[in-house]
Amino acid sequence: MPLRRARLRSRPAAALLAGGLLTALLVPVAVAAEPAAQPASGSATAAPAARVAPEQAPDIPVANVKAHLSQFQSIAAANGGNRAHGRPGYRASLDYVKGKLDAAGFTTRIQQFSAGGGTGYNLIADWPGGDANQVLMAGAHLDSVSSGAGINDNGTGSAAVLETALAVARSGYQPREHLRFAWWGAEELGLVGSRYYVSNLPAADRAALSGYLNFDMIGSPNPGYFVYDDDPQIEKVFKDYYAGLGVPTEIETEGDGRSDHAAFKSAGVPVGGLFTGASRTKSAAQAAKWGGTAGQAFDRCYHSSCDTTSNVNDTALNRNSDALAHAVWTLSE
Ligand code: DTR
Ligand code: ZN
Ligand code: ZN
């Protein structure tokens with residue numbers, strides 16, 4: 001299903017704006033439509049309603065994203081040290097996210113499933129409005145491994161998706177496409193929650209999905225900037241955004257099939273996403289372009305108890321949160 005795309009090419013300034021090059025210079029303005037031809041009678045008709053330029057995504061305050069991470073850390077500390085599937089820390093994490101979304105006006109629902117002898121939960125949040133036949137989704141797995149709080153993996157993706165959803169509500173954004181956000185359970189058991197969601201989605205609802213954007217580990221302490229290369233048009237949105245920042249990106253090669261976009265891709269839905277790296281080692285060439293430490297893992301605390309709020313690179317989290325919002329706005333307007 002071709003992902004309906006915003007016509008970024010008709011708004012070159014907006015592309016630069018999205019890249020931050022013109023942020024200080026441009027303010028979104030109403031762009032008047034072509035004036036209608038005057039009727040033969042000479043009586044003037046009312047001027048056509050001004051066509052307002054598509055909105056640009058707002059900045060996502062990284063402090064807000066980090067506040068969600070602090071909540072996830074506290075939840076883990078209060079629940080046996082983790083937020084893993086089947087443990088109280090997972091459901092407490094879900095209840096926190098749901099509470100924020102309910103207060104912001106989202107329509108939320110919890111999808112329950114069984115896995116590994118425990119009960120799992122997905123959280124689905126719909127932003128009212130938009131074309132029900134063109135649904136753009138953004139998601140992240142909310143569960144951690146049992147060895148720790150799972151702040152980079154995947155509190156970062158969960159918090160950035162949450163804060164982007166809250167930014168949609170704050171701005172009152174009403175895109176042409178319908179927006180749906182999701183937090184998956186039991187990803188660490190084998191992508192269980194997202195697979196359960198896709199396999200139980202009625203065919204018509206699956207066909208309505210214009211795309212799925214996945215965010216799993218987007219704040220690694222020794223970060224790389226990796227873009228999924230599954231759908232070329234989604235990939236271009238992310239790559240153009242980073243090009244506008246002057247930040248080089250690489251194609252994500254570690255994760256084909258290793259995160260929650262896999263089920264959507266298998267169902268024929270265009271997918272994309274961002275990743276800052278896990279246990280693979282950053283090369284000297286990568287350190288030269290991205291900074292950080294060559295010869296060291298992108299995330300030395302991957303699946304370890306040290307994956308805490310101290311295990312996050314704020315610059316990477318900030319950039320990826322803004323790139324997430326940019327993609328949601330761009331692909332749904
Ligand atoms: N499966 C993820 C970690 C992971 C490993 N490679 C990739 C590539 C893209 C996204 C995620 C990942 C996890 O452990 O949750
Ligand atoms: Zn993991
Ligand atoms: Zn993960």
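Each chain has its residues counted from 1, running along the sequence as written. Labels are handed out in written order, letters beginning with A for the chains and numbers beginning with 1 for the ligands. Given that this is a predicted model, residues contribute local features only at a pLDDT of at least 70 and side-chain atom pairs are listed and counted only at 80 or more, while totals for whole chains, interfaces and linings are drawn from all residues. Each side-chain value is derived from all of the structure's non-hydrogen atoms; neither hydrogens nor water enter the calculation.

Draft legend 1. Main features of the packing of helix 7 (residues 232-245) against helix 10 (residues 314-332). Every axis in this analysis is a line fitted to C-alpha atoms, fitted for helices over the stretch in contact. Angles between the N-to-C directions lie between 0 and 180 degrees. Strands here mean DSSP runs of E at least two residues long; helices mean DSSP runs of H or I at least four residues long; both are numbered from the N terminus. The N-to-C vectors of helix 7 and helix 10 enclose an angle of 130°; their axes lie 10 Å apart at closest approach. Classified by the angle their axes make, helix 7 and helix 10 are oblique. Here helix 7 and helix 10 pass one another in a crossing that is right-handed. On helix 10, the residues touching Ile234, Val237, Phe238, Tyr241, Tyr242 and Leu245 of helix 7 are Arg319, Asn320, Asp322, Ala323, Leu324, His326, Ala327, Thr330 and Leu331. Our angle categories are set so that under 35 degrees counts as roughly parallel, over 145 as roughly antiparallel, 65 to 115 as roughly perpendicular, and the remainder as oblique. In this scheme, a crossing is called left-handed if the near helix is turned counterclockwise away from the far one by less than a right angle; it is called right-handed if the turn is clockwise. Contacts are assigned to residue pairs with any non-hydrogen atoms lying within 4.5 Å of each other.

Draft legend 2. Local environment of the pattern of salt bridges. Any carboxyl oxygen of Asp or Glu that lies within 4 Å of a side-chain nitrogen of Lys or Arg is treated as forming a salt bridge with it. As enumerated under the stated definition, the model contains nine salt bridges in all. The closest approach of N and O atoms between Arg91 and Asp95, which form a salt bridge, is 2.9 Å. Placement of the pair is Arg91 and Asp95 together in helix 3 (residues 88-104), with a separation of four residues, close to one helical turn. Overall, the relative accessible area of 28% leaves Arg91 in the partly exposed class. With a relative accessible area of 38%, Asp95 lands in the partly exposed category. Its salt-bridge partner being Lys289, residue Glu250 comes within 2.6 Å of it at the nearest N-O pair. A simple rule labels every residue: compare its accessible area, found with a 1.4 Å probe on the protein chains alone, to the largest value its type can have, and call it buried under 20%, exposed over 50%, or partly exposed in between.

Draft legend 3. Layout of the coordination of the zinc ion (ligand 3). Counted as donors are the N, O and S atoms within 2.8 Å of the metal, or 3.2 Å for Na, K and Ca, while water is not among the atoms, so some sites may look incomplete. Those donors, His141 (NE2), Asp153 (OD), Asp216 (OD) and Asp216 (OD), are the protein atoms that reach the zinc ion (ligand 3), and they lie 2.0 to 2.6 Å from it. Between the zinc ion (ligand 3) and the zinc ion (ligand 2), both coordinated by Asp153, there is a metal-metal distance of 3.6 Å. Here His141, found in strand 5 (residues 131-141), pairs with Asp153, found in helix 4 (residues 151-171); they are 12 residues apart in sequence, far enough to count as distant. Relative accessible area serves as the criterion here: at 0%, His141 is assigned to the buried category.

Draft legend 4. Up close: the packing of aromatic side chains. For Phe, Tyr and Trp, where Trp contributes only its six-membered ring, two rings pair if their centres lie within 6.5 Å, and the inter-plane angle classes them as stacked under 30 degrees, edge-to-face over 60, or tilted in between. Counted according to the given criterion, the structure contains 17 aromatic pairs. A centroid spacing of 5.9 Å and a plane angle of 80° characterise the contact between Phe106 and Phe181, whose relative ring orientation is edge-to-face. Residue Phe106 is found in the loop between helix 3 and strand 3 (107-115), and its partner Phe181 is found in strand 6 (residues 177-184); the two are separated by 75 residues along the sequence. Of the two residues, Phe106 and Phe181, both sit in the buried class. Considering the side-chain rings of Tyr241 and Tyr242, the 5.8 Å spacing of their centres and the 90° angle between planes classify their relative orientation as edge-to-face.

Draft legend 5. Structural detail: the sheet that holds strand 6. Here eight strands make up an open sheet; going across it, the order is 3-4-6-5-7-10-8-9 and the pairing mixed. Two strands close off the open sheet at either side, each with one partner strand: strand 3 and strand 9 (250-251). Sheet strands touched by helix 3: strand 3, strand 4 (118-127) and strand 6. Its angle to strand 4, the strand with the most contacts, is close to 15°. Across the sheet, helix 4 lies against strand 4, strand 5, strand 6 and strand 7 (209-215), angled at about 145° from strand 5, the strand it touches most. Strand pairing is defined by DSSP finding a minimum of two bridges between the two strands.

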